[in-house]
Amino acid sequence: DTGVSQDPRHKITKRGQNVTFRCDPISEHNRLYWYRQTLGQGPEFLTYFQNEAQLEKSRLLSDRFSAERPKGSFSTLEIQRTEQGDSAMYLCASSTILPTGGSGNTIYFGEGSWLTVV
Amino acid sequence: GESVGLHLPTLSVQEGDNSIINCAYSNSASDYFIWYKQESGKGPQFIIDIRSNMDKRQGQRVTVLLNKTVKHLSLQIAATQPGDSAVYFCAETGSSGGSYIPTFGRGTSLIVHP
C-alpha cells in the first residue's frame, strides 16, 4: 500500500439517489480527512477522523452527509438524497496524528471520487 | 475562519524559465505549510512543506520560502518543464485546538509553454 485509495473514481447518479464513497488510507495513518472540491476552487474541509472517532465536522457537512470509520481503517462517506449541488470531487486524505512535517510526516491525498448528479 | 489566498490565479511561463508562485496567509497561528500540485482530474500531490521555525526549504527543483513577518509563502520551481503545468495550492495548518486541518486557497494555474 503506497498511497490513499478511493473508490469509485467516478459516479453518475440521479438526483434523489444515495451514493457512498470509500477511502482506504495509508497504512499506519491514524487520521483520515474528507474534503470536497468544485471546479476552480481549492479543496474544502468536510470532516476528519482520528482512529475511529470523528473529531470535527464542518458546516458544509449537511445532515444528508454521513461519514464513518468503524474500525479505524477505511472510511465511507455517504450522501443521501443527492442534489445537483452535490456534484463535486470528494477527496480523502490521511496522515499521522501529528502531521508537522519531516520524514514524510505530512498529509497525503487520494485521487478523488468524482460525483455527477443529473 | 481565516483563509489562505493566492496573489495570481494564472502564471504563464516558457519552458526552462524559473517560476514563482505566491501565497498569502492570514492565520498567525499557522505553523506548518504544505504545497500541493494538482493535475487535471487528479488529487493534490504533495510537493514540499515547511514548518514555521524555518524560512527556506529546498527540494528537487523546488524551493519554498516563508516570510512570517508579512505572512507570505512562495514556491519557486527551477527550470520549469511542461510537466509542471498544473494548479498549485498552498495549504496552511496549525496546532489550534490540536487539529492540524489543512486549509486551502483557490490555487494558481501554472501554464508552461514549450
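Our structure is the block above this text.
Parameters at a glance
Residues numbered from 1 in each chain as written. Chains lettered and ligands numbered in written order. Predicted model: local features only at pLDDT ≥ 70, side-chain atom pairs only at ≥ 80, totals over all residues. Heavy atoms only, no water. Helix = DSSP H or I, 4+ residues; strand = E, 2+ residues; numbered from the N terminus. Polar contact = N/O pair within 3.5 Å; in protein donor to acceptor, adjacent residues only side chain to side chain. Contact = heavy atoms within 4.5 Å. Buried < 20%, exposed > 50% of the residue type's maximum accessible area, 1.4 Å probe, protein only. Salt bridge = Lys/Arg side-chain N within 4 Å of Asp/Glu carboxyl O. Disulfide = S-S within 2.5 Å.

Where do I start with the side chain of Arg69 of chain A in this structure?
All names here are of chain A. By secondary structure assignment, the location of Arg69 is in the loop between β7 (65–68) and β8 (75–79). There is a polar contact of 2.5 Å between the side chain of Arg69 and the backbone oxygen of Asn30. Only 2.8 Å separates the side chain of Arg69 from the backbone oxygen of Ser73, close enough to count as a polar contact. Ignoring sequence-local partners within four residues, the contact set of Arg69 consists of Pro25, His29, Asn30, Arg31, Leu32, Phe49, Gln50, Asn51, Glu52, Phe74 and Ser75.

Teacher, can you tell me more about the environment of Thr38 of chain A here?
All names here are of chain A. One can find Thr38 in the loop between β4 (31–37) and β5 (44–50). Exposure remark for Thr38: the relative accessible area of 28% places this residue in the partly exposed category. Note: C-alpha distance between Thr38 and Asp86 (48 residues apart in sequence) is 9.3 Å. Sequence-distant contacts of Thr38, defined by excluding residues within four places in its chain, comprise Ser87 and Ala88.

For this particular structure, what's the right way to read the interface of chain B and chain A?
Interface size, as often reported, equals the accessible area lost upon joining of the parts. In this assembly, 21 residues from chain B lie in contact with 27 residues from chain A. Between the two partners, chain B and chain A, sit zero salt bridges. Only β4 (30–38), β5 (45–51) and β9 (86–94) of chain B provide two or more residues apiece to the side of chain B that touches chain A. It is β4 of chain B that contributes the most residues to the side of chain B that touches chain A, four residues altogether.

Would you take a moment to explain the pattern of salt bridges for this structure?
Oppositely charged side chains can form a pair if their charged atoms are brought close together. Residue and element names in this part refer to chain B. Tallying each qualifying case throughout the model produces eight salt bridges over all chains. In this structure, the salt-bridge partner of Glu39 is Lys37, at a minimum N-O distance of 4.0 Å. Between Asp84 and Arg61 there is a salt bridge; the shortest N-O distance is 2.9 Å. On the criterion of sequence distance, the pair formed by Asp84 in the loop between β8 (72–77) and β9 and Arg61 in the loop between β6 (56–58) and β7 (62–67) is long-range, its members being 23 residues apart.

I keep staring at the state of the cysteines and nothing clicks. Help me out?
Each disulfide is one covalent bond, formed between the sulfur atoms of two cysteines. In this structure the tally under the stated criterion is two disulfides over all chains. A sulfur-sulfur separation of 1.8 Å characterises the disulfide bridge that pairs Cys23 of chain A with Cys92 of chain A. The sign of the -70° torsion about the S-S bond sets the Cys23 of chain A-Cys92 of chain A disulfide as left-handed. Residue Cys23 of chain A is found in strand β3 (residues 19–24), and its partner Cys92 of chain A is found in strand β9 (residues 88–95); the two are separated by 69 residues along the sequence. For the pair shown, Cys23 of chain A and Cys92 of chain A are each scored as buried. Two residues share a disulfide in this structure: Cys23 of chain B and Cys90 of chain B, whose sulfurs sit 1.7 Å from each other. Torsion about the S-S bond of the Cys23 of chain B and Cys90 of chain B cystine: about 45°, corresponding to right-handed handedness. One end of the pair, Cys23 of chain B, is in strand β3 (residues 19–25); the other, Cys90 of chain B, is in strand β9, with 67 residues separating them in the sequence. A relative accessible area of 2% places Cys90 of chain B in the buried class.

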